[in-house]
Amino acid sequence: MSEQPARTLVTSALPYANGPIHIGHIAGAYLPADLYVRYLKSRKRDVVWVCGSDEHGAAITLRARKEGTTPRAIVDRYHEEMQAAFSGLDIEFDHYDRTSSAEHHAFAQSFFLDLLEKGAFTEETRQQFYDPEEQQFLADRYIQGACPKCDHDKAFGDQCEKCGSALSPEELIGPKSTLSGATPELRETTLWYLPMDRHEDWLREYLEGGKLDGEAHHNPKSWKAHVLGQCRSWIDGGLQSRAMTRDLDWGVPVPVEGADGKVLYVWLDAPLGYITATRNWAAKKGVDWEPYWKDKDTQLVHFIGKDNIVFHCIIFPILLKEQGEYLLPHNVPANEFMNLEGDKISTSRNWAVWASEYVRDFDGRSDEMRYVLASIMPEQKDAEFTWEDFQARVNNELADVLGNFVNRVFVLTGKFHDSKVPAASGKWTEVDEALLSLMKSTPEAVGDAIERYRFREALQHAMGLVRAGNKYLTEEEPWKVAKTDPARAADILHLALQVTANAAIVLGPFLPKTSARLSKALGTADLPWDAAGASLVPAGQPLAKLPILFEKITDEQVAEQQAKMGPELEGMRDVEPEKAETTFDDFQAMDLRAAEVMSAEKVKGADKLLQLTVRTGYDERTVVSGIAEHFSPEEVVGRRVVLLANLAPRKIRGVVSQGMVLMASTEDGGLRFVTPEEGAEPGDIIR
RNA sequence: GGCGAGGUAGCUCAGCUGGUUAGAGCGCAGGAUUCAUAAUCCUGAGGUCGAGAGUUCAAGUCUCUCUCUCGCUACCA
C-alpha cells in the first residue's frame, strides 16, 4: 500500500493484566503508536487506535492462587491501574477494551468455530501432566522439579531459571504440581493444533515480497530489518504445529461439545481482542466497524515489542488468512527493548520505572517523559534509559532550547509590542527566507519520518526548527535593532512568532500538553497539521500570558528516583537519598584529622553551642560545635573525635571556630561522635 | 546448540542501494552576547567505525572467521 490509505487501523500490544506498566512498555508499543495516531489525526486522516487488557492465561491464575484471590480480582485491578497509567502519560487510545468481556468471548468463540469449520486445525491427543488432587491439567509452568541439567531443584516445566535451559515437563526429575504439591500423572488430552507448516509458502511471499494472493499488499522494504530477520529465521527453520487450546479454567471456553475445561490459547484469544475492541469502539461511536478490518483500502499497523514479532507476523496472519474475511497487517514496526541504568528492566527485581509512579512523582509533567522516551526510543536496537540522561534532556533540550526560546519570543513581544503580534513589512532578508524555508519544510520532514516510523528522527526535525529560531534571534538581535530600525525589529519578531506557532504544531504529537498551552497562548489552537509551514498568527493578535514551560529536574529528584529502583531489601531503612555523585578530588580537598577534646564550655547566649578546645597533635584550636543539646561540657572532655581541619574559619556567636567535629545523626534526631579506633593519635590523617 | 538483530566520538544514537576530509544532540574547551529559565549563538578538541582476513580503483557500508550484547528458539533447520 504505497498510496495513501483510505483509513488506518492502529493497534498496540494488549498489555498483560498481571502487573503494572513501565517505561519499557511505553517506549515499545504505546508511545510510538500514540505519536503515529496523533500525527495522523492532526492531518485529519481517518484513523482508529485500539488496545485493551489481555486478561487470560496461566500466569494470571497462578498469581491469583499465590495471592489467595481470584483471577477476576487480579485482572480488574490491573485493568484499572493500567488505564490510569496510560492516561497519565497522555497515551490516548480511541478505545481500550479487555479480553474477559462477554463480547470478546463471544467473538473469539465464533472466530474459533469459523476456523474449525474451514479445517484450519488438526485435533491431536497427547500426554500431559494432570494434577489428581486439583483435578486439572497442568500448564508447563505449574510443574516444578529438579533440573536434569544443573540439578537446581526448583526448575519449572518450561524452563530452568538457574541454568536458563528450556525444558519440557517430562524431563523434570521428581515433578510436583505447584498447585497442590501432588505428584502429577500423565493423562491423555485432546487439543486443537494449528499446523503452521502448511502456510510457509504464502507467508514467505507475504513477508519477503509484500504480496498476498499474488497481489501487492505492502512494501516489505518499509519493514524493520530485525522484524523481517526474525520472521525469516522462523520460516527457514520450518514452522511447527502449535496448540491453540489449553486445559485451563481461565479463558475463553472452547465452544465445542465435550470440550469442558478447555480454553483458547491466549495467543489466539489476545490478538482477536484487537477486533473486539474495534467492534466495541464502533458501537460506541455508532459507525460501521467492518471497513476497518475488511476493506482493501484500510491500512493495518501493529505496534508491539520485539518479543511479540512472531505472533503478529506469522501466527496471527495465519489465523486471519484461514478465516478469510480479515485484513493482514501492512506493517509491524516492532521496537526493541529499553534497558534501565545499565540493566535490563525486570518486574520481579523492581528494576523499572513504573508509569504510575512517574505520573505521581512528576505530576502534570507527562510531556517530559514522552520527550525523553521519544528521543531514545529503541527503534533499531536496544536503548537505555538513565535518570541522569532524563535530567539532561529535560533541562538542556526542553527547558533551555524550547522553553527558553518560547520565553524569549513572548518577553520580547511584551517589551516591544505590548504583547501583540507585530505586523510584518513583507520585505524579507536572505536570513529570513532561509528560516521561512525551514519553517515550510519542517512539517513534511517530521511527517515523513513519522510515516516511516522513525520517531526519533521526526523529533529531531521538529526541534531543529526551534534551534533555528534561537539562532535567528541571537543573530538578528531584535532588541538592538528596535532602537535603530523598529520596522525591521517588528519583522524579526513577527517571524519568530510564526516559528513558535509552527513549532506548536510539529511538536504536537510528542508534547501534547505543551503544544496545547502554546497554541492557546498564541491563539492558534486546533490548527491542523496541514496549516503548518506558513504564517499562522495574524498581526495584531494579542498574546496571552505564558508561564515557564519546563521546570528543571534537580539533582535531588534524580537521586530520589534512582534510589527507588531495585529490590526492597529487608531491614533496609527509608533514609534521605544519597547526594549527587562526587569525585575523589573533591574528597581529597578535605583535610580530616584525628583529634582530642581538651576542654569544653558552653557558648554564652547560645543554647546549642559548645566551645571546644581541640588538640590536633600539631596545634590546639577552638572549635564551636552545635551539640550542647546532646552533650554537656563534662561529657565531651577527653573524647577522641574526627575533625574537619581545613574548613574555613568562621565567627559563630563572637567565637572564631577553626574546624568542625564530625557527628553521626541518628534516626531519632540524636547525635553520636565519630571516633577513631584506639591507637589513632591526634594529627593522624583520615583518608 | 541454531537463527535473527546489534557492537560507530566521553554519553545517547544517525549513517539509504560501497565513493571526496565519518555525522547529530548532549557533555567538554575557548570565544561572542545579554531579549531570555546562568539561558542563547559561534568555533574547536574528541572516533584503529568490536577484532582479524578477503573482494574492489575505492568499505563503517559487500564476503568469511572470531568476539561481545540483546532477542527468539530447541535437539529441528
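Predicted, not measured: the structure shown is a model, and the values here were computed from it.

A. The overall build of chain A, seen in detail. Within chain A, the regular secondary structure consists of 20 helices and 28 strands. Across its three principal axes, chain A shows a C-alpha extent of roughly 95 × 85 × 40 Å. When burial is assessed residue by residue, chain A has 52% of its 687 residues classed as buried. With the model as given, the accessible surface of chain A reaches about 31900 Å², and the carbon-plus-sulfur share is 47%.

B. Layout of the state of the cysteines. Inspection of every chain in the model, using the stated rule, returns 0 disulfides. There is no disulfide at cysteine 51, and the cysteine sulfur nearest it, in cysteine 313, is 17 Å away. Cysteine 51 gets classed as buried once you look at its relative accessible area, which sits at 1%. Here cysteine 231 stays free of any disulfide, with the sulfur of cysteine 313 as its closest cysteine sulfur at 3.9 Å.

C. Region of interest: the protein's contact with RNA strand B. The environment of RNA strand B is made up of 45 residues, and the closest members are Ser233, Lys344, Asn404, Arg456 and Thr474. Those atoms of RNA strand B that come within 4 Å of the protein belong to sugar or phosphate at a rate of 80%. Note that a sugar or linking oxygen of RNA strand B is positioned 3.4 Å from one of the side-chain N or O atoms of glutamate 336. Here a phosphate oxygen of RNA strand B sits 3.2 Å away from a polar atom, N or O, in the side chain of lysine 381. Elements represented by at least two residues in the surface near RNA strand B include exactly α6 (225–236), β18 (383–385), α12 (387–417), α14 (455–476) and α15 (478–484). Here the surface near RNA strand B gets 12 residues from one element, more than from any other, and that element is α12.

D. Structural view of the packing of α6 against helix α9 (residues 309–323). Following both chains from N to C, one finds α6 and α9 inclined at 55°, their axes separated by 10 Å at the closest point. Relative to α9, α6 is oriented oblique. Crossing handedness for the pair α6 and α9: right-handed. Between α6 and α9, the contacting residues are His226, Val227, Gln230, Cys231, Trp234 and Ile235 on the first element and Ile309, Val310, Cys313 and Ile314 on the second. Here the contact of α6 with α9 is composed, by residue class, of 8 nonpolar, 2 polar and no charged.

E. Geometry of helix α13 (residues 430–451). With 22 residues, α13 extends 32 Å between its outermost C-alpha atoms, agreeing within 8% with the 32 Å of an ideal straight helix rising 1.5 Å per residue. If you look at α13, its biggest bend is around 35°, right at serine 441, and the proline proline 443 turns up within four residues after that. Within α13, the full set of buried residues consists of Asp432, Leu435, Leu436, Met439, Thr442, Pro443, Val446, Gly447, Ala449 and Ile450. Among the residues trailing α13, tyrosine 453 stands out with phi positive, at a value near 65°.

F. Quick peek at the packing of α13 against α14. For the pair α13 and α14, interaxial distance at closest approach is 8 Å and the crossing angle is 165°. As judged from the angle between their axes, α13 and α14 are roughly antiparallel. Every pair of crossing elements has a handedness; the one defined by α13 and α14 is left-handed. Mapping the contact onto sequence places Val431, Asp432, Leu435, Leu438, Met439, Thr442, Ala445, Val446, Ala449 and Ile450 in α13 and Phe455, Glu457, Ala458, His461, Ala462, Gly464, Leu465, Ala468, Tyr472 and Glu476 in α14. Across the contact of α13 with α14, the residue classes tally to 14 nonpolar, 3 polar and 3 charged.

G. Quick look at the sheet that holds strand β2 (residues 47–53). Judged by pairing direction, the sheet is parallel, and its 4 strands sit side by side in the order β3-β2-β1-β15 without closing on themselves. The sheet is open, and its two borders are formed by β3 (95–98) and β15 (298–303), each paired with just one other strand. Adjacent strand axes in the sheet meet at a mean angle of 20° when their direction is disregarded. Relative to β3, β2 is paired through 4 bridges, and the arrangement is parallel. The residue of β3 that forms the bridge with glycine 52 is aspartate 97.

H. The arrangement of the environment of glycine 145 in detail. On the secondary structure map, glycine 145 appears in strand β6 (residues 143–146). The buried category is assigned to glycine 145, whose relative accessible area is 4%. As for glycine 145 and glycine 210, which are separated by 65 residues in sequence, their C-alpha atoms are 46 Å apart.

I. Region of the structure containing the pattern of salt bridges. Inspection of every chain in the model, using the stated rule, returns 41 salt bridges. The shortest N-O distance in the salt bridge between aspartate 34 and arginine 38 comes to 2.8 Å. Here aspartate 34 and its partner arginine 38 are both found in helix α1 (residues 23–42), 4 residues apart, which amounts to about one turn of the helix. We note a salt bridge from glutamate 67 to arginine 63, for which the minimum N-O separation is 3.0 Å. Linking glutamate 67 with arginine 63, this pair stays in helix α2 (residues 58–67), spanning 4 residues, or about one helical turn. Judged by its relative accessible area of 25%, arginine 63 is partly exposed. Through salt bridges that share partners, Asp34, Arg38, Glu92 and Arg370 make up one connected network.

What counts, and where the lines are drawn
- Residues numbered from 1 in each chain as written.
- Chains lettered and ligands numbered in written order.
- Predicted model: local features only at pLDDT ≥ 70, side-chain atom pairs only at ≥ 80, totals over all residues.
- Heavy atoms only, no water.
- Helix = DSSP H or I, 4+ residues; strand = E, 2+ residues; numbered from the N terminus.
- Buried < 20%, exposed > 50% of the residue type's maximum accessible area, 1.4 Å probe, protein only.
- Areas by Shrake-Rupley, 256 points an atom, 1.4 Å probe, with all protein chains shown as cover.
- Disulfide = S-S within 2.5 Å.
- Near = heavy atom within 4 Å.
- Polar contact = N/O pair within 3.5 Å; in protein donor to acceptor, adjacent residues only side chain to side chain.
- Axes fitted to C-alpha atoms, helices over the stretch in contact; angles between N-to-C directions.
- Parallel < 35°, antiparallel > 145°, perpendicular 65-115°, else oblique.
- Left-handed = near helix turned anticlockwise from the far one by under 90°.
- Contact = heavy atoms within 4.5 Å.
- Nonpolar A, V, L, I, M, F, W, Y, C, P; charged D, E, K, R; others polar.
- Expected span 1.5 Å × (residues − 1).
- Bend = angle between axes of the 7 residues up to and from the residue.
- Pairing = 2+ DSSP bridges.
- Salt bridge = Lys/Arg side-chain N within 4 Å of Asp/Glu carboxyl O.

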